[in-house]
Amino acid sequence: MEEILLVAYRRCRANRGAPGCDGQSFEQIEKQGRDQWLERLRQELRAKQYQPKPLLRVWIPKANGGQRPLGIPCIRDRVVQMAVLLVIGPIFEADLFRWQYGFRTGVDAKMALRRIHFGILQRGAREVVDADLSDYFNTIPHGDLMRCVSRRISDGTVLSIIRQWLNCPVVERQGAKLFRSTVARDTHRGTPQGGIISPLLSNLYFRRFMLAWYGLGYTQATKSEVVNYADDFVILCKPGHGEQAMAAMRRLMDKLGLTVNEKKTRLVKLPEERFDFLGYTVGQMYGKDGRPYWGTKPSVKSVKRLIREIHESTTSQWNATSVQSRVERLNPMIRGWANYFSQGPVGKVYKFIDEYTARRLRIWLRRKAGKGGTGYRQYPDQYLYEKLGLVRLREFRTDLSNAKV
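Residues numbered from 1 in each chain as written. Predicted model: local features only at pLDDT ≥ 70, side-chain atom pairs only at ≥ 80, totals over all residues. Heavy atoms only, no water.

Focus on the overall build of the protein chain
Across its full length, the protein chain holds 16 helices and 11 strands. Projected onto the principal axes, the alpha-carbon positions of the protein chain cover approximately 70 × 65 × 35 Å. Taken across its 405 residues, the protein chain has 49% of its residues classed as buried. Look at the contacts in the protein chain between residues 6 or more apart in sequence, and 67% of them connect residues 24 or more apart. Of the accessible surface of the protein chain, which amounts to about 20,600 Å², a share of 50% is contributed by carbon and sulfur atoms. One way to put it: in the protein chain the 69 positive side-chain charges average out to a point 3 Å from where the 39 negative ones average out. (Helix = DSSP H or I, 4+ residues; strand = E, 2+ residues; numbered from the N terminus. Buried < 20%, exposed > 50% of the residue type's maximum accessible area, 1.4 Å probe, protein only. Contact = heavy atoms within 4.5 Å. Areas by Shrake-Rupley, 256 points an atom, 1.4 Å probe, with all protein chains shown as cover. Lys, Arg positive; Asp, Glu negative; His and termini not counted. Charge placed at Lys NZ, Arg CZ, Asp CG, Glu CD.)

Some thoughts on the packing of aromatic side chains
Per the counting criterion, the structure on display carries 18 aromatic pairs. These aromatic residues form a ring-pair network of at least three members: Tyr136, Phe137, Phe206, Phe209, Trp213, Tyr218 and Phe233. Between Arg326 and the ring centre of Trp318, over which it is positioned, the NZ or CZ distance is 4.2 Å. (Phe/Tyr/Trp six-rings, centres within 6.5 Å; stacked < 30°, edge-to-face > 60°. Lys NZ or Arg CZ within 6 Å of the ring centre and 35° of its normal.)

Concerning the environment of Gln343
Secondary-structure assignment places Gln343 in the loop between α14 (323–340) and α15 (347–368). With a relative accessible area of 6%, Gln343 lands in the buried category. Separated by 118 residues in the primary sequence, Gln343 and Glu225 place their C-alpha atoms 23 Å from one another. Here Arg114 takes part through its side chain, which lies 3.5 Å from a polar atom of the side chain of Gln343. (Polar contact = N/O pair within 3.5 Å; in protein donor to acceptor, adjacent residues only side chain to side chain.)

Some remarks on the confidence of the model for the protein chain
Residue-level pLDDT values for the protein chain average 93, and 97% of them are 70 or greater. Contacts for the low-pLDDT stretch residues 399–405, under 50 throughout, to residues beyond four places or in other chains number 16 contacts. (pLDDT = per-residue confidence, 0-100.)

Considerations on the environment of Arg147
Positionally, Arg147 belongs in helix α7 (residues 142–150). Taking the relative accessible area as the measure of exposure, Arg147 reaches 54% and is therefore exposed. Taking the C-alpha atoms as reference points, Arg147 and Met253, 106 residues apart in sequence, are found 17 Å from one another.

Notes on the pairing of strand β1 (residues 55–61)
By the bridge criterion, two bridges tie β1 to strand β4 (residues 170–174) in an arrangement that is parallel. Looking across to β4, one finds that Leu55 is bridged to Val170. Summarising the sheet, β1 and strand β2 (residues 67–72) pair through six bridges and their orientation is antiparallel. In the strand pairing of β2, Pro61 is matched with Gln67. (Pairing = 2+ DSSP bridges.)

Topic: the nonpolar core
Ranked by internal contacts, the top residues of the largest apolar core, which has 115 residues, are Val79, Phe209, Trp213, Phe233, Ile235, Met249 and Met253. Ranked by residue count, the leading element in this core is helix α10 (residues 198–215), at 10 residues. Once residues within four sequence positions are removed from consideration, Val79 is found in contact with Leu5, Ala8, Tyr9, Cys12, Trp37, Leu38 and Leu41. (Core = buried A, V, L, I, M, F, W, Y, C linked by side-chain atoms within 4.5 Å.)

Regarding α14
An ideal rise of 1.5 Å per residue puts 26 Å on 18 residues; α14 measures up with 27 Å between its terminal C-alpha atoms. The set of residues buried in α14 consists of Val323, Arg326, Val327, Leu330, Asn331, Met333, Ile334, Trp337 and Ala338. (Expected span 1.5 Å × (residues − 1).)

Things to note about helix α3 (residues 34–46)
A rise of 1.5 Å per residue sets the reference length of α3, with its 13 residues, at 18 Å; its end C-alpha atoms lie 18 Å apart and thus fit the reference within 8%. Restricting attention to buried positions, one finds in α3 the residues Trp37, Leu38, Leu41, Arg42 and Leu45. Down the axis of α3, the sector holding all buried residues measures 135 degrees, keeping them to one side. On the buried face of α3, the contacting elements are α1 (2–15), α2 (26–32), α4 (75–93) and α8 (156–166). At the C-terminal side of α3, Lys48 shows a positive phi close to 60 degrees. (Arc of directions from axis to C-beta.)

Here's the deal with the side chain of Gln100
Take Gln100: it is sitting in the loop between α4 and α5 (109–121). With relative accessibility at 0%, the residue Gln100 sits in the buried group. From its side chain, Gln100 meets the backbone oxygen of Asn203 in a polar contact 3.1 Å long. Every residue in contact with Gln100, bar those within four places of it in the chain, is listed here: Val107, Asn203, Phe206, Arg207, Met210 and Asn228.

Here's the deal with the pattern of salt bridges
Side-chain pairs of opposite charge can arise whenever the charged atoms involved come near each other. All chains considered together, the criterion is met by 21 salt bridges. Close ionic contact of Glu93 with Arg104 constitutes a salt bridge, the shortest N to O distance being 2.6 Å. Within this pair, whereas Glu93 is found in helix α4, its partner Arg104 is found in the loop between α4 and α5, the two being separated by 11 residues in sequence. Accessibility expressed as a relative area gives 31% for Glu93, which makes it partly exposed. For Arg151, the salt bridge identified is with Asp95, shortest N-O distance 3.1 Å. Within this pair, whereas Arg151 is found in the loop between α7 and α8, its partner Asp95 is found in the loop between α4 and α5, the two being separated by 56 residues in sequence. Take Asp95: its relative accessible area is 13%, and that puts it in the buried class. What you see here is one network of salt bridges that share partners, running through Arg13, Glu27 and Glu30. (Salt bridge = Lys/Arg side-chain N within 4 Å of Asp/Glu carboxyl O.)

Pasting the structure below:
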């Protein structure tokens, strides 16, 4: 157990992350003595006295403009969750469907997109159920989820700890006060986003839908396949089978105790329509010669979200900060975005982002100096890209800028 806890701690440390409700940071743990801290945690676990602390609720922006709640565990609970994940993760990995791409070693979101492209191009899918579940993570039934876990795990101590995590209360800071809620325990639902173990548990529960779809004949009846990433999924159907697949999906989700978001779920008919999945727009595109092809491109929402972040990072509230700090803020943001959105014809989007970023930085530099104007003469491209080191996407992975999926 000592070695597993140490590995788990190192992985959590590498992920960094803010303190939980107890306020304890990695720096504080290491100042007081990491090995002693781990030994106390090991003794708690061995004596079966371990009790998780409440989750700290924080809110992060969603792509649609709303906010998503995250439940942040304390570091001690993160380490225990990581240790359990290291042990049981490989056991369940073999059970997951190969078309489940979320939170798994060796697969990623782009592989899910390539599978969709294959289904359209090679398998002739022309109707797509673009599905959305309402608050999936927070509505997973505990009883059914624990039956999924106990099918493979018989250790009563591990099962008890997982139940405790699922039933953890949540505290939220509002000013100087802490408010406590016990919704998960009261409703017997939910695996909070923010916990290290939650992605595995959510995959396990979605596997029940995959088992039913492929095991009860729905894929043959609707001539379809499901591509899933976390709580996002699409059903790729041959022509004329989309309505049947959508109705079957609704019935199965109801049996699983999950709610389909009817406002966001729709049937897409290709090639007349396109759909968004994992930040990309998928459908029929047109090349420079006007010829159609099946492909992907960064969605309008994804581009707008980056533009908004660039704008917010170059407003007057940052005038007191150094120029280098602004460049150091912009570069990883833009580079990280481009690392993910490098699939499909991205040349025009990269050019637009380059021009917008340069314009915003020039205006910020002028305002910082107490001047007006656009700053084109004072801060030419050579100054921005060579002296300040601003990243330029047109020179970033240009070999992929015109590639199709």
